[in-house]
Amino acid sequence: MPDGPILDGSAAGRSETASALLQLVRVAKTYRTLRDAAVVALSPTTLEIRPGEFVSIVGPSGCGKTTLLNLMAGMIRPSAGRILFRGRNTDGPSTEVGLVFQRPVLLPWRRVLDNVLLPVEVIGLRPRAAYADKARTLLGMVGLAGFEDAYPRELSGGMQQRAAIARALVYDSSVLLMDEPFAALDAMTREELNLELLRIWQATGRTIIFVTHNIAEAVLLSDRVVVMTPRPGQVKAVIEVDLARPRSMALLGEPRFGQLAQQIRALLRPPAQAAA
Amino acid sequence: MSPRATDAAYAIATFVVVLAVWEAVLRLLGVASFFIPAPSDIAVSLVRGRALYASNYLATLGSTLAAFAFAFIPGVVLGTLVAEVRFAERTLYPLLVALQSMPRIALAPIIIVWFGFGPESKIVLGAISAFFPVFLNTVHGMATTDPEQLALMRSLRATKLQAFWKVKLPGALPFLLAGANIGIIFAILAVIVGEFLGANRGMGFLIVNESSQLDTPSVFASVLLLSATGLCFHYGLQALRRRLLFWAGGDEVAGSSLQ
């Protein structure tokens, strides 16, 4: 990364949003298929994430939610537009960002604690002992105290995903990017993990960007919900979720919750159906 | 009794029954022992010839293990290179695959001409036979690394070397062991063929001598020793697998691809 300040974090971009943590300015992504046809995965998208926010991204399958998340993570490069992190252009993956995938992606030959410490080893953070203590604390926080020495295959899917969350938190990342992390779990485990994620978010002060298919999950968790259009995806609307915190499952029965969920559902409905 | 002990008891009982029936049938029919020997004849020649067996057996075992070592290390190193380095994939891989299609055993006579009647020719023959399964399994194992595990490493800005040591190599271990399992069997086969064709010691040499003298019980005894060795290799690797791959689950050697 160049040393000096990067000046093309354009003046306009900065003045409107001095407080933004992550800015996407007309970011688009086009893939080339094997037959050399261009597929637009993401139409020009502008979006800002404020520090400490919990933002969900919902949209129909194939709308480019994951593409958007991967762009923010620096895992893929945009075909057009700019992505700024704290006002600076990004250049590939950053250790300020923690990724949680749909699958837990634990290394099966490592014990749970060593899986959580993988980022510490790779990034080369020291002293290791201090991070090992931190990893134990995080494992306690995600409800895995006592499983430090277990191997991943000894854990249930939900427990593995908890370990993956601890792994994304261990290296002082300021943003957690989560790509449908609970989609593969049963409904009960999912609810449990939703509430735990809220607790973790509040305890750690992280910014969380959360991709999901599940409207209720998005409303329950988020400060804002970004609703995307079908492919080629772009932001259709951003819904502010004005529900008080801390939140619990009891919210699901409240009228305001239902209104918000209904509003998002209407936005997601295909235009033909909406007209009917 | 533990389930494993019960399994072993059944296996042993089966062997005992088969041997008893074999012995009984040959005795009842009065078949000559130079044609088909009874288990008792084989046991007698095994005991009588023990000194001879010991020295020849050790020669074959030594050649096999040396051949395996000379196959395994280059197999893993070259397999890794081909999987990881684009240049090696474009140059080495086609060359090695072309060589692989050659029947290696057919080279045995010329290798004996080049390397002589001693153990060297057997080691070379065993090594070129055992190399390919190890090499191909390594390439395959490295190429099938979980892409999400690699994405995870990339998200942490891991270097290529870190990704290799922390993800690719451990992930390829089941394949390396599968390659080793096949490789060691290929090695012992090639060593014995080499000893058939031109040697002054070893089990292959011994078998050729014994059969030329119609000493069939001794031939069977030799083959029995070699089978026992094959079983030892198999169970040894199985035990190694349980130690190294406890995390993968299952007892079978996974991901084996013969050629």
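Residues numbered from 1 in each chain as written. Chains lettered and ligands numbered in written order. Predicted model: local features only at pLDDT ≥ 70, side-chain atom pairs only at ≥ 80, totals over all residues.

Thoughts on the overall build of chain A
Note the cut-off: Here a helix means four or more residues in a row that DSSP labels H or I, a strand means two or more in a row labelled E, and each is numbered from the N terminus. Every radius of gyration here is taken over C-alpha atoms, with the globule rule written as 2.2 Å times N^0.38, N being the number of residues. Between the buried cut of 20 or more and the exposed cut of 12 or fewer other C-beta atoms within 10 Å of a residue's own C-beta lies the partly exposed class, and all C-beta atoms are placed from the backbone. Contact between residues is assigned whenever the C-beta positions, reconstructed from backbone atoms, fall within 7 Å.
Looking only at helices and strands, chain A features ten helices and ten strands. The C-alpha atoms of chain A give a radius of gyration of 19 Å, which matches the 19 Å a tight globule of 276 residues would have. C-alpha atoms of chain A, sized along the principal axes, occupy 55 × 50 × 45 Å. Each of the 276 residues in chain A was classed as buried or not, and the buried ones make up 40%. Taking all contacts inside chain A whose residues are at least 6 apart in sequence as the whole, residues at least 24 apart take part in 70%.

Brief notes about the overall build of chain B
For chain B, the count of helices and strands is ten helices and zero strands. Starting at the N terminus, the α and β elements of chain B follow one another as α-α-α-α-α-α-α-α-α-α. When the backbone C-alpha atoms are referred to their principal axes, chain B occupies close to 75 × 55 × 25 Å. By residue count, 36% of the 259 residues in chain B fall in the buried class. Counted over contacts in chain B with a minimum sequence separation of 6, partners at least 24 positions apart contribute 76%.

Quick look at the nonpolar core
As a reminder of what qualifies: Think of a nonpolar core as buried Ala, Val, Leu, Ile, Met, Phe, Trp, Tyr and Cys residues chained together by C-beta atoms that fall within 7 Å.
Ranked by internal contacts, the top residues of the largest apolar core, which has 82 residues, are Val58(A), Met72(A), Val116(A), Ala166(A), Val170(A), Leu177(A) and Ile209(A). With six residues, helix α6 (residues 157-169) of chain A is the single largest residue contributor to this core. Core analysis: the second largest hydrophobic core is formed by 48 residues, Val76(B), Ala83(B), Ile123(B) and Ala178(B) among them.

Section: helix α7 (residues 187-204) of chain A
All names here are of chain A. Worth spelling out the cut-off: Given the number of residues in a helix, its expected span is that number minus one, multiplied by 1.5 Å. The directions considered for the arc are those from the helix axis to the C-beta atoms.
Its 18 residues give α7 an end-to-end C-alpha distance of 25 Å, which sits within 8% of 26 Å, the value for a rise of 1.5 Å per residue. Among all positions of α7, only Leu193, Asn194, Leu197 and Ile200 are buried. Burial along α7 is one-sided: seen end-on, the buried residues are contained in an arc of 130°. Those residues of α7 that are exposed and aimed more than 90 degrees away from the buried face are Met188 and Ala203.

Focus on the interface of chain B and chain A
Which entries qualify depends on this criterion: Nonpolar residues are Ala, Val, Leu, Ile, Met, Phe, Trp, Tyr, Cys and Pro. Charged residues are Asp, Glu, Lys and Arg, and all others, Gly as well, are polar.
Between chain B and chain A, the residue contacts involve 16 residues of the former and 16 residues of the latter. Looking at the side of chain B that touches chain A element by element, the count peaks at seven residues for helix α7 (residues 147-155) of chain B. Looking at the side of chain B that touches chain A, its residues break down into nine nonpolar, four polar and three charged.

Focus on unusual backbone geometry
All names here are of chain A. Across the junction of Arg126 and Pro127, the peptide omega takes the value -5°, indicating a cis bond. Tracing the sequence through the fold places Pro127 in the loop between α4 (118-123) and α5 (128-141). Note the cis peptide between Arg245 and Pro246, where omega equals -5°. Take Pro246: it is sitting in the loop between β10 (235-240) and α9 (255-268).

Concerning the domain arrangement of chain B
Here is the rule we go by: Here the limits of each domain have been adopted from an automatic or database domain assignment.
If you check the domain split of chain B, you get domain 1 (1-30) and domain 2 (37-244). Between domain 1 of chain B and domain 2 of chain B, the C-alpha centre-to-centre distance is 31 Å.

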